[in-house]
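Here are the chains, one letter per residue:
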Amino acid sequence: MNPRLILALVFPLLTFSNAAIAQKLTSDIPYVENGHARHVLDIYTPENSAGKRLPVVFWIHGGGWRVGDKSDVALKPKVLTDRGFVFVSTNYRLLPEVKMDALTGDVAKSLAWVHKNIARYGGDPKRIFVGGHSAGAQLAALICTDDRYLKNEGVPFDVLKGCVPVDGDTYDIPKIIMTAEFRQALYGGKMFTFGHRQKFGNDPEKHIDYSAVTHVKKGKGIPPFLILYFPGNSDTRAQAQRLGSVLKASEIPTTLHGKGDSNHNRLNNDLGKPDDPATQKLYEFLDPLVSQ
């Protein structure tokens, strides 16, 4: 029998640790002084990244703005640090403990901390890519289109080099609320106890303001977008196409990719697999921008 196979069978943990040796994790770093327990982030770096200026991927977890954790990153830290990125995953306060404006403000504060401090971890504060899944996709798209959040934290908008929202359904919140409520009225059934109207409040002006499509304008410095979505979900498909059309109309470089053989969670969790077409789209998006 092959000696390496014998070692893998007898010492499986040794094999795993060798595979993970290229990556270093610094966890639970506070980004607000004396802040909330969820005002923390994790930083994954390649080994020997000190003194370098590596591009940064800033990731926002999903969970319907009510649950979720910065540890929900699957393969992304490993494959991206192997590719020469610093990977940051952030927590933020959740509904209903705080309202949406405070929640979004937390994400901006976290990104501001990264901009100020990431050089100590080998990251480049002037080359930050923002991504997120589901609720995190809405937050990523909003942070990358509504420049007020970063301006409030003293972060130049031009440090953003790309945005990767993954299977969000709330880039145009009035539209998704109208769609959901029409569907429920048509087919009957009770309203969800904590649907989009409850999450984003009852003020229609707020619904507009929390929508990324509202803030897309030519000449603002909005970064290029890669919008990944599962076309089998009519809501995330329609919202991806809506955001994509608005971005393209404002001449912002935008790529949409629908991965059919998937679902809402698998699309996110499969990012990093070598045979995954969405992963290849991610690399094609990131790699040309790294040298800028």
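Residues numbered from 1 in each chain as written. Predicted model: local features only at pLDDT ≥ 70, side-chain atom pairs only at ≥ 80, totals over all residues. Heavy atoms only, no water.

K.L.:
Looking at this model, I keep getting lost on the layout of surface pockets. Mind explaining?
P.N.:
It is a probe the size of a water molecule, rolled over the atoms, that shows where empty space is left. Taken as a whole, the second largest pocket encloses approximately 200 Å³ of empty space. Around the second largest pocket, the lining is made up of 14 residues, and of these Lys99, Met100, Lys199, Phe200 and Gly201 lie nearest the centre. Of all the secondary-structure elements, those providing two or more residues to the lining of the second largest pocket are helix H4 (100-117) and helix H8 (196-200). (1 Å grid on protein atoms, 1.4 Å probe; cavity = no way out; pocket = protein on both sides within 12 Å on 5 of 7 lines; lining within 4 Å. Points joined across faces, edges and corners; volume = space filled by probe spheres on them. Helix = DSSP H or I, 4+ residues; strand = E, 2+ residues; numbered from the N terminus.)

K.L.:
In this structure, what is going on with the pattern of salt bridges? I would like to understand it.
P.N.:
Think of it this way: side chains of opposite charge can pair up when their charged atoms draw near. This structure, assessed with the given rule, holds 16 salt bridges. Its salt-bridge partner being Glu153, residue Lys109 comes within 3.3 Å of it at the nearest N-O pair. Remark: Glu153 occurs in the loop between helix H6 (148-152) and strand S6 (160-166) and Lys109 occurs in helix H4; sequence separation between them is 44 residues. Here Lys109 falls in the partly exposed class, since its relative accessible area comes to 35%. Overall, the relative accessible area of 29% leaves Glu153 in the partly exposed class. The salt bridge partner of Asp172 is Arg242, with a shortest N-O separation of 2.8 Å. On the criterion of sequence distance, the pair formed by Asp172 in the loop between S6 and helix H7 (173-187) and Arg242 in helix H10 (residues 234-249) is long-range, its members being 70 residues apart. Several salt bridges converge on common partners, so that one network encompasses Lys259, Asp270, Lys273 and Asp276. (Salt bridge = Lys/Arg side-chain N within 4 Å of Asp/Glu carboxyl O. Buried < 20%, exposed > 50% of the residue type's maximum accessible area, 1.4 Å probe, protein only.)

K.L.:
Sorry, what's going on with the confidence of the model for the chain here?
P.N.:
Reading fine detail from the predicted coordinates is not recommended where pLDDT is low. Of the residues in the chain, 87% reach a pLDDT of 70 or more, and the chain-wide mean stands at 90. Across residues 1-21, where pLDDT falls below 50, the model places eight contacts with residues more than four positions away in sequence or in other chains. (pLDDT = per-residue confidence, 0-100. Contact = heavy atoms within 4.5 Å.)

K.L.:
Teacher, can you tell me more about helix H5 (residues 135-143) here?
P.N.:
Since one α-helical turn is 3.6 residues long, residues separated by three or four positions face the same way. For H5, a buried count of nine out of nine residues is recorded, marking the element as mostly surrounded by other parts of the structure. Turning to H5, its buried residues are Ala135, Gly136, Ala137, Gln138, Leu139, Ala140, Ala141, Leu142 and Ile143.

K.L.:
What exactly am I supposed to notice about the side chain of His133 here?
P.N.:
Note on placement: His133 falls in strand S5 (residues 123-133). Sequence-distant contacts of His133, that is, excluding residues within four places in its chain, are made with Trp59, Ile60, His61, Gly62, Val166, Asp167, His264, Asn265 and Asn268.

K.L.:
Help me out: how do you make sense of the pairing of strand S2 (residues 40-46) in this one?
P.N.:
Residues in a regular strand point their side chains to alternate faces of the sheet. Counting buried positions along S2 gives seven out of seven residues, so the element sits mostly inside the fold. Burial along S2 is two-sided: Val40, Asp42, Tyr44 and Pro46 and Leu41, Ile43 and Thr45, pointing in opposite directions, are all buried. Both strand S1 (residues 23-30) and S2 contribute to a ladder of six bridges, which runs antiparallel. In the strand pairing of S2, Thr26 is matched with Ile43. The pairing of S2 with strand S4 (residues 86-90) spans four bridges and is antiparallel. Bridge assignment links Leu41 to a residue of S4, and that residue is Thr90. (Pairing = 2+ DSSP bridges.)

K.L.:
Even after reading the chapter, I still don't get the sheet that holds S4, so can you show me in this structure?
P.N.:
Within a sheet, each strand pairs with its neighbour through backbone hydrogen bonds, oriented either parallel or antiparallel. The sheet built from eight strands is open, its strands ordered S1-S2-S4-S3-S5-S6-S7-S8 with mixed pairing. Strands with a single pairing partner mark the edges of an open sheet, and in this sheet they are S1 and strand S8 (254-258). This sheet shows a mean twist of 20 degrees between the axes of neighbouring strands, independent of strand direction. Most of the contacts of H4 go to strand S3 (residues 54-60), to which it runs at about 165 degrees, and overall it touches S1, S2, S3, S4, S5 and S6. Docked against the sheet, H5 engages S3, S5, S6 and strand S7 (225-229), running at close to 140 degrees with respect to S5. (Axes fitted to C-alpha atoms, helices over the stretch in contact; angles between N-to-C directions.)

K.L.:
Got a minute to help me understand the environment of Asp172 in this structure?
P.N.:
Overall, Asp172 belongs to the buried group, its relative accessible area being 10%. A sequence separation of 36 residues divides Asp172 from Ile208, and the C-alpha atoms of the two residues are 7.4 Å apart. Apart from residues no more than four positions distant in its own chain, Asp172 is found in contact with Ser211, Val213, Gln239 and Arg242.

K.L.:
Please clarify how the packing of aromatic side chains should be interpreted in this entry.
P.N.:
Counting across every chain of the model gives five aromatic pairs. Relative to Tyr121, the ring of Trp113 has its centre 6.3 Å away and its plane inclined at 50 degrees; by these criteria the two rings are tilted. Seen in terms of ring centroids, Phe200 and Tyr210 are 6.0 Å apart; in terms of plane orientation they differ by 45 degrees. Their pairing is tilted. Residue Phe200 is found in helix H8, and its partner Tyr210 is found in the loop between helix H9 (204-209) and S7; the two are separated by 10 residues along the sequence. On the basis of relative accessible area, Tyr210 is assigned to the buried category, the value being 4%. Following the ring pairs from residue to residue traces out a cluster consisting of Trp65, Phe200 and Tyr210. (Phe/Tyr/Trp six-rings, centres within 6.5 Å; stacked < 30°, edge-to-face > 60°.)

K.L.:
Looking at this structure, how should I read the side chain of Ser110?
P.N.:
When you line up the elements, Ser110 lands in helix H4. Under the relative-accessibility criterion, Ser110 is labelled buried at 0%.

K.L.:
How do you make sense of the state of the cysteines when you look at a structure like this?
P.N.:
Two cysteines form a disulfide when their sulfur atoms are joined by a covalent bond. With the rule as written, the count across this model stands at zero disulfides. The thiol sulfur of Cys144 is not disulfide-bonded, and the nearest other cysteine sulfur, from Cys163, lies at 3.5 Å. You can call Cys163 buried: its relative accessible area is 0%. (Disulfide = S-S within 2.5 Å.)

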